Number of protein chains: 2
Amino acid sequence: MGQKPITFLRQVVALCSFPELLDSSSFPEDAKQRARRILQGCGGQSLGSYSASQGVDCIRQDIAVYIEQRDKGVPADWDNIYLTTGASDGIVSILKMLVSGQGRSRSGVMIPIPQYPLYSAAISEMEAVQINYYLDEDNCWALDINELHRAYQAAKEHCHPRVICIINPGNPTGQVQSKKCIEEVLHFAYEENLFVMSDEVYQDNVYSPDCQFHSFKKVLYEMGPEYFNTVELASFHSTSKGYSGECGFRGGYMEVLNLDLEVKAQLVKLLSVRLCPPVSGQAAMDVIVNPPLPHEPSYLQFHKEKSAVLGALAEKAQMTEQILNTVPGIKCNPVQGAMYAFPRIFIPPRAVEAAMSLGMSPDMMYCLRLLEETGICLVPGSGFGQREGTYHFRMTILPTTEKLKVLLEKFQDFHIKFLKEYASLEEPKRSEDDTQEALKQFR
Amino acid sequence: MGQKPITFLRQVVALCSFPELLDSSSFPEDAKQRARRILQGCGGQSLGSYSASQGVDCIRQDIAVYIEQRDKGVPADWDNIYLTTGASDGIVSILKMLVSGQGRSRSGVMIPIPQYPLYSAAISEMEAVQINYYLDEDNCWALDINELHRAYQAAKEHCHPRVICIINPGNPTGQVQSKKCIEEVLHFAYEENLFVMSDEVYQDNVYSPDCQFHSFKKVLYEMGPEYFNTVELASFHSTSKGYSGECGFRGGYMEVLNLDLEVKAQLVKLLSVRLCPPVSGQAAMDVIVNPPLPHEPSYLQFHKEKSAVLGALAEKAQMTEQILNTVPGIKCNPVQGAMYAFPRIFIPPRAVEAAMSLGMSPDMMYCLRLLEETGICLVPGSGFGQREGTYHFRMTILPTTEKLKVLLEKFQDFHIKFLKEYASLEEPKRSEDDTQEALKQFR
Ligand SMILES: Cc1ncc(COP(=O)(O)O)c(C=O)c1O
Ligand SMILES: Cc1ncc(COP(=O)(O)O)c(C=O)c1O
């Protein structure tokens with residue numbers, strides 16, 4: 001997508017991969033110092049050794065320090081930190097550990113709708129029970145505590161709800177949850193004895209000036225010791241998002257809270273079957289939690305690169321929302337964070353009928369048509385889940401500003417043409433009226 | 001363990017990680033050419049992008065070429081190659097795909113005993129049925145076709161045997177299977193319609209002059225088209241073993257054969273839940289299948305480093321077997337390949353009793369004592385499985401020759417002391433006689 005890697009991160013990984021470069025004068029001293037420290041934590045001082053299954057000790061320590069700073073002093077114990085093969089691996093491992101039982105006592109996992117499809121896929125792979133709670137589109141995709149209660153009560157009839165997953169900032173929905181929402185979720189989890197999985201891989205991706213990232217852990221802490229010492233929590237982070245965007249290295253970590261010692265032992269056992277997460281990914285994670293400090297030689301460049309990425313994302317987030325909302329039949333919530341817009345689209349009744357007759361969901365037909373006619377690839381909302389009868393697509397804000405602008409214009413033309421086409425089929429008059437009527441309601 | 005990384009591999013990975021190094025004169029041209037080729041296959045020409053879930057195309061192509069050369073022209077289709085997060089990930093994924101059913105129709109998985117514990121752990125995690133077939137210790141840990149039949153028939157009573165796993169060369173047993181053994185296994189799999197999983201991560205680790213690595217695929221090919229076009233096979237390779245020993249990069253691949261197209265689609269779906277294997281590990285895998293050629297600048301150094309590692313391993317394999325076999329009460333099969341000796345140890349009846357009274361397996365007590373008294377860490381045979389009433393340990397041949405020698409001497413002293421100690425407890429005479437008698441039978 002044209003986003004440049006952060007130089008410092010790549011320097012450290014290259015130094016770790018080929019330590020002869022530590023003698024080269026073309027690498028800055030702070031990158032060398034990071035690389036030396038990481039290598040000292042590795043078996044045989046080499047990225048080539050298996051690490052402990054939980055990850056390299058000094059990297060886990062750096063992560064704990066990072067979390068404490070992020071959360072303004074809320075204590076973090078590196079014994080609770082596990083390096084993972086991307087956040088995906090952590091999420092799947094925690095779910096695997098939590099799923100058990102048969103029939104009505106089979107574990108139920110509450111997930112937001114719309115959701116990042118890793119969750120539904122993993123749940124289905126493990127034959128756990130998926131419990132949908134719907135995010136509130138009319139309220140900027142906020143978590144709605146009444147909806148959580150509704151979903152929970154309904155699910156209790158046929159499974160044993162044990163886990164609640166939250167994605168904040170949200171994929172595909174791009175919202176940033178308020179502190180109040182998070183408190184309500186944690187209170188609910190406390191009351192119902194649910195394990196909380198908070199997917200916080202977009203924690204550095206907050207753009208709206210009136211939004212702020214609140215970690216579930218910090219909010220839990222502020223709710224007092226009764227909560228902080230009770231609620232079981234796993235939170236996930238990754239090298240793939242934020243300002244680094246290093247997906248290919250498969251770096252990530254999770255922090256767990258209030259896990260029984262025996263459960264932790266089982267978790268390590270489970271993780272150790274696959275030996276260890278990639279050590280180069282661990283090194284990349286280390287750079288993200290331990291970036292150059294103001295007095296260090298790489299600071300200026302690092303800071304410039306980081307700000308450039310995050311600044312451009314913020315600008316594109318706003319532009320995407322604005323342009324989309326000028327299109328008739330498109331309604332887009334603010335892209336407060338993450339990397340996605342998830343607008344609602346009005347699909348004329350005629351188009352819905354046409355899709356049905358093809359055995360296709362209407363938003364899928366819409367996205368296929370868009371792809372064929374313009375080369376633009378969006379993901380239909382049905383891939384993430386949406387309220388019955390509503391249609392969406394997900395669009396990333398990752399292309400460069402210039403490309404994104406062109407893309408949004410092309411999209412706009414397509415959409416208007418699409419509306420016209422399905423408003424004028426067969427019985428032009430009636431259909432036109434239908435469309436106008438439906439469009440009015442949609443607005 | 002003091003084994004140095006292969007310079008060329010690390011150069012390529014460093015170049016891929018920090019492409020600015022492509023302009024540096026301190027890297028050889030062939031390493032740069034490899035790095036450029038890999039990067040061209042990556043999204044945005046960067047290791048930082050997710051690759052396709054099946055892996056980077058050009059790396060899969062290189063792997064197919066490598067396999068064809070290894071197997072003297074047996075065709076390999078890169079559509080059948082899947083990059084993985086170490087071999088572990090491939091093995092777990094294939095097992096996951098194959099396990100289904102309930103009760104008597106639950107999938108049974110045949111595994112060698114002794115085995116590499118990834119297999120028993122994954123089987124237990126998936127609640128599949130573990131079917132043990134015992135390797136023939138008296139015959140250099142060969143596969144015994146009668147034993148396969150016995151295990152299969154016994155298992156059919158309570159499960160649905162669907163898979164047979166073979167580790168060749170063997171971990172922990174260090175044997176290299178003959179072509180005849182492999183033919184028998186493949187014939188058996190053909191007859192019984194079993195999916196064959198051949199773990200060939202030690203394919204480059206063959207030391208015995210009268211042994212040769214035969215890939216299951218090549219043997220299958222030579223059995224004729226009726227076999228080659230029928231038997232479902234997955235074979236696994238890794239960056240972690242061989243002469244490279246790059247465990248931390250978590251590189252690996254699998255090649256599948258005769259999978260139904262719909263099954264392959266499900267496999268890709270399953271793999272795509274976790275997005276993709278680490279791209280730096282994929283790059284490392286590429287170097288292993290596409291090393292410097294004789295006319296290229298890095299060839300000499302590469303060849304020297306590779307030969308040094310494999311030569312030292314061969315020497316240590318022989319030395320380990322020889323020294324162990326001079327110790328009374330130790331019987332060690334030739335270490336034909338892989339990286340391990342798995343000698344049988346005579347544990348005096350008194351020591352067995354002592355262990356039992358501690359609620360410990362005798363070889364565990366033995367290894368713990370060894371660890372406490374000498375600092376040498378061996379893994380008890382009970383961790384891998386062994387025939388009832390026999391005791392073993394696994395020892396790697398990875399330490400440097402000098403260290404290994406010292407270690408074997410220390411071990412010898414410990415063992416003799418251990419035998420004496422348990423021969424002279426309480427009733428010295430009778431126990432001494434018992435020991436002598438048992439030792440005679442053991443020999
Ligand atoms: C919400 C969310 N969680 C987890 C992941 C997995 O990321 P990774 O495994 O690359 O760390 C993603 C990737 O898109 C995501 O959007
Ligand atoms: C027989 C065997 N298979 C598979 C593996 C897994 O190796 P990796 O996942 O590092 O490729 C090992 C590692 O020791 C092994 O010995």
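Going by what an unreviewed UniProt entry lists, chain A is known as alanine transaminase and is assigned to Salmo salar. Turning to chain A, the UniProt annotation filed under Pathway (unreviewed entry) states: "Amino-acid degradation; L-alanine degradation via transaminase pathway; pyruvate from L-alanine: step 1/1."

Examining a nonpolar patch on the surface
A surface patch of nonpolar side chains, amounting to about 210 Å² of accessible area, comprises Met364, Leu368 and Leu371 of chain A. Judged by its relative accessible area of 34%, methionine 364 of chain A falls in the partly exposed class.

Here we look at the site of ligand 1
Neighbouring residues of ligand 1: 15 residues in total, closest Ser88, Asp199, Ser238 and Ser240 of chain A together with Tyr50 of chain B. Each of chains A and B places residues near ligand 1. The backbone of alanine 87 of chain A places a nitrogen or oxygen atom 2.6 Å from an oxygen atom of ligand 1. Alone, ligand 1 offers 390 Å² of accessible surface; in the complex the protein occludes 98% of this. By residue number, the principal contributor to the shell around ligand 1 is helix H4 (residues 86–98) of chain A, which donates three residues. Of the residues contributing to the shell around ligand 1, the split by class is seven nonpolar, five polar and three charged.

Quick look at the site of ligand 2
The environment of ligand 2 is made up of 15 residues, and the closest members are Tyr50 of chain A together with Ser88, Asp199, Ser238 and Ser240 of chain B. Mapping the residues adjacent to ligand 2 onto the chains of the assembly identifies chains A and B. Interatomic distance of 2.6 Å between a side-chain N/O atom of serine 238 of chain B and an oxygen atom of ligand 2. Among the elements that take part in the shell around ligand 2, helix H4 (residues 86–98) of chain B stands out by supplying three residues, more than any other. For the shell around ligand 2, the per-class residue count stands at seven nonpolar, five polar and three charged.

Some details on helix H1 (residues 7–17) of chain B
Owing to its 3.6 residues per turn, the α-helix aligns residues three or four sequence positions apart on the same side. With respect to burial, H1 of chain B is a largely interior element, 11 of its 11 residues being buried. Taken residue by residue, H1 of chain B has Thr7, Phe8, Leu9, Arg10, Gln11, Val12, Val13, Ala14, Leu15, Cys16 and Ser17 of chain B as its buried positions.

Here we look at the pattern of salt bridges
Think of it this way: side chains of opposite charge can pair up when their charged atoms draw near. Applying the stated rule across the entire model yields 34 salt bridges over all chains. For lysine 264 of chain A, the salt bridge goes to aspartate 79 of chain A, with nearest N and O atoms at 3.2 Å. With lysine 264 of chain A in helix H10 (residues 261–272) and aspartate 79 of chain A in the loop between helix H3 (57–70) and strand S1 (81–85), the pair connects residues that are 185 residues apart, well separated along the chain. Exposure remark for aspartate 79 of chain A: the relative accessible area of 37% places this residue in the partly exposed category. Between glutamate 147 of chain B and arginine 150 of chain B there is a salt bridge whose closest N-O contact spans 2.7 Å. Of this pair, glutamate 147 of chain B and arginine 150 of chain B both sit in helix H6 (residues 145–156), three residues apart, which is roughly one turn of that helix. Judged by relative accessible area, arginine 150 of chain B falls into the partly exposed class, the value being 41%.

Comments concerning the environment of phenylalanine 18 of chain B
Summarising the element assignment, phenylalanine 18 of chain B is placed in the loop between H1 and helix H2 (29–41). When the C-alpha positions of phenylalanine 18 of chain B and tyrosine 152 of chain B are compared, they lie 52 Å apart, and in sequence the two are 134 residues distant. Once residues within four sequence positions are removed from consideration, phenylalanine 18 of chain B is found in contact with Thr7, Arg10, Gln11, Ala14 and Phe27 of chain A.

So, unusual backbone geometry
Residues and elements named next belong to chain B. Geometrically, the link from isoleucine 113 to proline 114 is a cis peptide bond, its omega value of 0° lying close to zero. Tracing the backbone shows proline 114 in the loop between strand S2 (107–113) and helix H5 (118–125). Residues other than glycine seldom take positive phi values, yet glutamate 127 does so here, at roughly 55°. Take glutamate 127: it is sitting in the loop between H5 and strand S3 (129–134). Backbone geometry places asparagine 258, a non-glycine residue, at a positive phi of 65°.

A closer look at the packing of aromatic side chains
Two numbers describe a pair of aromatic rings. These are the distance of the centres and the angle of the planes. Residue and element names in this part refer to chain A. A complete count under the given rule lists 30 aromatic pairs over all chains for this structure. Seen in terms of ring centroids, tyrosine 202 and tyrosine 340 are 5.7 Å apart; in terms of plane orientation they differ by 90°. Their pairing is edge-to-face. One end of the pair, tyrosine 202, is in the loop between strand S5 (195–199) and helix H8 (216–222); the other, tyrosine 340, is in strand S9 (residues 340–341), with 138 residues separating them in the sequence. Comparing tyrosine 202 with tyrosine 340, the two get one shared label, buried.

Thresholds applied
Just so you know, the residues in each chain are numbered from 1, in the order the chain's sequence is written. By the order in which they are written, chains take letters starting at A while ligands take numbers starting at 1. Owing to the predicted nature of the model, reporting of local features is limited to residues with pLDDT of at least 70; listing and counting of side-chain atom pairs is limited to 80 or more, with chain, interface and lining totals taken over all residues. With hydrogens and water excluded, all non-hydrogen atoms of the structure serve as input to the side-chain values. UniProt positions are given in the numbering used here, feature names are shortened, and annotations may be inferred rather than shown by experiment. Patch membership needs two things, relative accessible area over 30% and no salt bridge, and members are linked within 9 Å if like-charged or within 5 Å if nonpolar (Val, Leu, Ile, Met, Phe, Trp, Tyr). Per-residue and other accessible areas follow the Shrake-Rupley method at a 1.4 Å probe size, with only the shown protein chains counted as cover for residues. Any carboxyl oxygen of Asp or Glu that lies within 4 Å of a side-chain nitrogen of Lys or Arg is treated as forming a salt bridge with it. Relative accessible area decides the class of each residue, using a 1.4 Å probe on protein chains only: under 20% of the type maximum gives buried, over 50% gives exposed, and in between gives partly exposed. Nearness here has a simple test: a residue counts as near a molecule or strand if at least one of its heavy atoms is within 4 Å of that partner. As used in this structure description, the phrase polar contact means that two N or O atoms lie within 3.5 Å; if the pair is within protein, one of them must be able to donate a hydrogen and the other to accept it, and residues adjacent in sequence are counted only when both atoms belong to side chains. We count a stretch as a helix when DSSP gives it H or I for four or more residues in a row; a strand needs E for two or more, and each element gets its number in order from the N terminus. In this classification, the charged set is Asp, Glu, Lys and Arg, the nonpolar set is Ala, Val, Leu, Ile, Met, Phe, Trp, Tyr, Cys and Pro, and all remaining amino acids, among them Gly, are polar. We call two residues contacting when some pair of their heavy atoms lies within 4.5 Å. Only centres within 6.5 Å qualify two rings of Phe, Tyr or Trp (six-membered ring in Trp) as a pair; their planes then separate them into stacked at under 30 degrees, edge-to-face at over 60, and tilted for everything else.

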